[in-house]
Amino acid sequence: MAYVVEGASYMGRPPTYNEYLREVLPVVHEPTGTNGLIDIDFLPTEMIAHIMQYLTVSDRKDAALVCKKWYQASMAPQIQKNMVISVKSSVTKPRPFTALKNRQDFHLSLSDVDGSSNSVELLGVCDRSLSPKLLTLSLKGTRISPDTLVSILKKCSNLTSLDISCCNQLILAGYQLPYSLQGIRLPSLTHLNISSMRQLSDLVLCAFLAIAPNLQSLELASAPLLFSSSYLNSTADSRPSSAALTFNRFLLEVKGKLSTTLNSVNLSRTSISNRALESLANIPNLRLKKISLVSCKDLTDAGVVALCTSQPTIEELDISSNSQLTAVSVKHVANKLKGIKLLNITKIKLQSSEAKILNEITSCSKLVLNACLLQLWVKSEADSAFSSWSSALQSLDMSYCSGLSNQVVVSMCQRLTNLQQLDLSSCYRIDDVSLREISKCLISLTKLSVAWCKHITDMGLIGVYHEGFAHTCAKECRCGREKDFAYFEYTPPVKDIAPRVVIPTVGDINAALQHFGAEGRFPLWRMNKLRSLDLSVCGKISDASVIDAIDFPELTELNLAMCSRLTDKSVIAIASHNGLLEKVNLSQCHQITDQSVAALLAGCRRIVHLNISGCPLITDLTIDCIIKHRIHLKSLDVSMCNISLEALERLEQLSPSLQTIHKRYTAAASTTQDAFLI
């Protein structure tokens, strides 16, 4: 068989990729190199853009700086479609902001918009040049005037999402706003956020809903809604009020215009009652997929039961921080909402005997159980809770669940092997046994947090444990680990009794390594997909484990705050093994010096957030290193460091990307201001 590519014949074999490129692509110059590889300049812009889709955002930023052709490829619509451009009016000048008009479609977030001349000029550019290309616009917390907003909206023909939450100036200064919005139609607008707006009234709500005939998502969190029974029963009076925002008007709007399109509602931090929630759930043709009811103080189990019964199509439900909800609500969620994908039941107390309810939640991909399990679980209860959990579960948050023990974590890890995000912060009962099991079973994790798990030691990081170092409560121990309680109670301090602190020595670690052997070790670095790691306040870890254990090719966020036993050796090793770090927190690591921070800045050139507060050995040399390596920092915390005012002023002048510096209790700190914005 002969293979032919535009006149070139390859007898008996297909052409290689390089041979194909030589024939198909125009040849500008002969390829160089000993292997005869094709120069990357031969690739068309479309192919480079396709390759860039598989890069992370940080990698894509660096690739865009290589040459003009790669920059043009990075601006391709398929790459920019999910990119949000955040603009701070206090630091952004109008001229570079005007360059955004060369993009096709983009997402824009404006902040710090006030009455200054720079803000007015930026809004003018947005109004004149950028409005037709906007897909999403966020003006959260800005002081934009009603006339400017109306002028921008008139030109946003392709707008799909609008966020004007906390924009109280619109209502206070724009009493004519409802009438100014008349005549504007945004058929593409599907998401509207008008949360936390004081003085919001029926008239304003109706005006905003009128411009979005195809609205799918509405957020009214912290809105001053009135849920009086008289308003719920009244249906004859259809005139919207100009002085109050009533739930009855909201129901009338949903029934009349949005019943067939609306599928997401956020009523968090309102006084919604069971009867009001039932009225919403019983609207004909309404099929909700997402609803958020965070911190609704009047909500009880009856309201959640009515919601689950009338709206079985809900896929995302957030009922966190509702003190009156119990396991009854969780049980009905599990029984009625068979297609639920995200469930947040933070602070809904579940007794150990009620753990089997979790076994009925089989379709979730993200589950938040923050501070739900406060009673000590036994292994049988853990097995019954996790036995039927779906392999589709990818994110699990069990922080502040003081009832979790090593047995529970081991049982969970053995069943949920597809987890990608796990948060066990402040689960004070777990130790090295749990961390070893996590490293053994959950190798697909991208985010792990074990902050404030103070009994984790070096052994857990290197993948071993020692039974002799398991924490056992003596009769006079104050830690309370053996107590079975549902709520935290204040315990007066006991004098002359120190808490038991067990820190393994190098000899203990070597003995454990010899006991487990190479095959019995499961060190932390086995999770090679990890991107975020939080080991803050794990005060027993030291250089003995950190030097080798924290070695991840894709790690971008690392928190080692209050790990006081770490020295320069650990930070230098972290810098050499984790070159993609972007956020680093070394707060109150008292032993690190300028030498290790310099190595970190030289090895991790992508750092944008650095916290080295509470490190008294840090001096002006660190500021000189930031300037020397041209690190594009956005935030820097040097509180309680030995840094002078002159060094910080020099950094301010030479680092235009720096937005925030925290400098409390430094030589440069002012008596009236502990941070400044650049």
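Residues numbered from 1 in each chain as written. Predicted model: local features only at pLDDT ≥ 70, side-chain atom pairs only at ≥ 80, totals over all residues. Heavy atoms only, no water.

### A closer look at the confidence of the model for the protein
With 80% of its residues at a pLDDT of at least 70, the protein reaches an overall mean of 81. Confidence drops under pLDDT 50 across residues 480-501; counting only partners more than four residues distant or on other chains, this segment forms 36 contacts. Throughout residues 670-678 the model reports pLDDT below 50, and contacts reaching past four residues in sequence, or to other chains, amount to 19 contacts. (pLDDT = per-residue confidence, 0-100. Contact = heavy atoms within 4.5 Å.)

### What to know about the pattern of salt bridges
Under the defined criterion, the tally for this structure stands at 8 salt bridges. Asp59 is the partner of Arg606 in a salt bridge, and the nearest nitrogen-oxygen pair spans 2.5 Å. Taken together, the residues Arg606 in the loop between helix 24 (594-603) and strand 22 (609-611) and Asp59 in helix 3 (residues 57-64) connect sequence positions 547 residues apart. Among the residues examined, Arg606 registers a relative accessible area of 18% and is labelled buried. Residue classification places Asp59 among the partly exposed residues on the basis of a relative accessible area of 23%. (Salt bridge = Lys/Arg side-chain N within 4 Å of Asp/Glu carboxyl O. Helix = DSSP H or I, 4+ residues; strand = E, 2+ residues; numbered from the N terminus. Buried < 20%, exposed > 50% of the residue type's maximum accessible area, 1.4 Å probe, protein only.)

### Examining the packing of helix 11 (residues 202-210) against helix 13 (residues 247-258)
For the pair helix 11 and helix 13, interaxial distance at closest approach is 11 Å and the crossing angle is 20°. As far as their axial angle goes, helix 13 and helix 11 are roughly parallel. Considering how the two elements wind past one another, helix 11 and helix 13 form a crossing that is right-handed. On the side of helix 11, the interface is formed by Asp202, Leu205, Cys206, Leu209 and Ala210, while helix 13 contributes Arg249, Phe250, Glu253, Lys257 and Leu258. Residue composition of the contact of helix 11 with helix 13, by class: 6 nonpolar, no polar and 4 charged. (Axes fitted to C-alpha atoms, helices over the stretch in contact; angles between N-to-C directions. Parallel < 35°, antiparallel > 145°, perpendicular 65-115°, else oblique. Left-handed = near helix turned anticlockwise from the far one by under 90°. Nonpolar A, V, L, I, M, F, W, Y, C, P; charged D, E, K, R; others polar.)

### Topic: unusual backbone geometry
Not every positive phi belongs to a glycine, and Arg269 is a case in point at roughly 55°. Looking at where Arg269 falls in the secondary structure, it is placed in the loop between strand 11 (264-266) and helix 14 (274-281). Backbone geometry places Met562, a non-glycine residue, at a positive phi of 65°. Secondary-structure assignment places Met562 in the loop between strand 20 (557-559) and helix 23 (568-577). Assessed through its relative accessible area of 35%, Met562 is described here as partly exposed.

### Let's talk about the side chain of Asp543
Along the polypeptide, Asp543 turns up in helix 22 (residues 543-549). Beyond its immediate stretch of four places on either side in the chain, Asp543 contacts Arg565, Leu566, Thr567, Lys569 and Ser570.

### Section: helix 23
When we look at burial in helix 23, the residues that qualify are Asp568, Ser570, Val571, Ala573, Ile574 and Ala575. Lining the buried residues of helix 23 we find helix 22, strand 20 and helix 24.

### Notes on the environment of Tyr71
Structurally, the position occupied by Tyr71 is in helix 4 (residues 68-74). Using a relative accessible area of 44% as the deciding quantity, one classes Tyr71 as partly exposed. Taking the C-alpha atoms as reference points, Tyr71 and Ile48, 23 residues apart in sequence, are found 10.0 Å from one another.

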